[in-house]
Amino acid sequence: MKKYLKSGSFISILMLLLIGCGQPVVPSSQLTYTEIIEHKELASNSFEISKMWLANTFNDSKSVIEYSNKENGTIIGKGILKNVSYGTLVQMDTRFTLKIEVKDNKTRLTFQDMVQYPNQYVPPVEPFNMWNNEALNQFKIRAKMDLVDNYKTYITDKPSNNW
């Protein structure tokens, strides 16, 4: 009998915790974040500046960039945003795909395929993908602060060739 009471208590506590986290899960098709940045660069320049930004931001553009096509102005790479707080006490690392599309005077950054991992992720830990609107908004805030604003500054204050 004690065994059933203990498991019943555990299930009750678990149900209360889940009800408290009761925001609906965001479908994976809606797990994207896009920002358009206006600047004064031509597409060919902004393409090269974007590759340099990836190298400086993620320390090694060769391991980050998965696809690069200068003719159509597209770069696709993988990145990680560390220590994101999603409204819990546990901070998560979030891996994502970043698509950079450039054309004259504009760049579009699209974050997609976001996957959350517990901080200090060591394989074979499974990803934690309970994306609700609050978690998606927290990711957008951090991505804007840490990456989008950084890109905007980088492309408007482009590295100088006068050294």
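Let us look at the structure shown here. (Residues numbered from 1 in each chain as written. Predicted model: local features only at pLDDT ≥ 70, side-chain atom pairs only at ≥ 80, totals over all residues. Heavy atoms only, no water.)

### Examining the nonpolar core
Part 1: Membership of the largest hydrophobic core comes to 33 residues, with the highest contact counts inside it found for W53, L54, F96, I100, F111, W131 and F139.
Part 2: The set of elements that each furnish at least two residues to this core consists of β1 (33-38), α2 (43-58), β3 (74-85), β4 (91-103), β5 (106-118) and α4 (133-156).
Part 3: Here this core gets nine residues from one element, more than from any other, and that element is α4. (Core = buried A, V, L, I, M, F, W, Y, C linked by side-chain atoms within 4.5 Å. Buried < 20%, exposed > 50% of the residue type's maximum accessible area, 1.4 Å probe, protein only. Helix = DSSP H or I, 4+ residues; strand = E, 2+ residues; numbered from the N terminus.)

### Let's talk about the pairing of β4
Part 1: With 10 bridges joining them, β3 and β4 adopt antiparallel strand pairing. Residue I75 lies in a different strand from β4, and its bridge partner there is I100.
Part 2: Direction of pairing for β4 relative to β5: antiparallel, over a ladder of 11 bridges. By the bridge assignment for β5, K99 is matched with T110.
Part 3: In textbook terms, the turn of a hairpin is the stretch between consecutive antiparallel strands, and for β4 and β5 this stretch comprises two residues, one of which, N105, has a positive phi near 70 degrees. (Pairing = 2+ DSSP bridges.)

### Some remarks on the sheet that holds β3
Part 1: Spatially, the five strands line up as an open sheet ordered β1-β5-β4-β3-β2, and their pairing is antiparallel. The open sheet has two edge strands, β1 and β2 (65-69), and neither has a second partner. Direction aside, the axes of adjacent strands within the sheet are offset by 30 degrees on average.
Part 2: Its contacts with the sheet place α2 against β2, β3, β4 and β5, and it is angled at close to 165 degrees to β4. (Axes fitted to C-alpha atoms, helices over the stretch in contact; angles between N-to-C directions. Contact = heavy atoms within 4.5 Å.)

### Looking at the packing of aromatic side chains
Part 1: Under the definition given, this model contains eight aromatic pairs.
Part 2: Pairing F96 with F111 gives two aromatic rings, centres 5.3 Å apart and planes at 65 degrees, and the pair type is edge-to-face. Residue F96 is located in strand β4, and its partner F111 is located in strand β5; the two are separated by 15 residues in the primary sequence.
Part 3: Using a relative accessible area of 2% as the deciding quantity, one classes F96 as buried.
Part 4: Among the residues examined, F111 registers a relative accessible area of 0% and is labelled buried.
Part 5: Judged by centre distance (6.0 Å) and plane angle (65 degrees), the rings of F96 and F139 are edge-to-face. With a gap of 43 residues between them, F96 in strand β4 and F139 in helix α4 connect regions that are remote in the sequence. (Phe/Tyr/Trp six-rings, centres within 6.5 Å; stacked < 30°, edge-to-face > 60°.)

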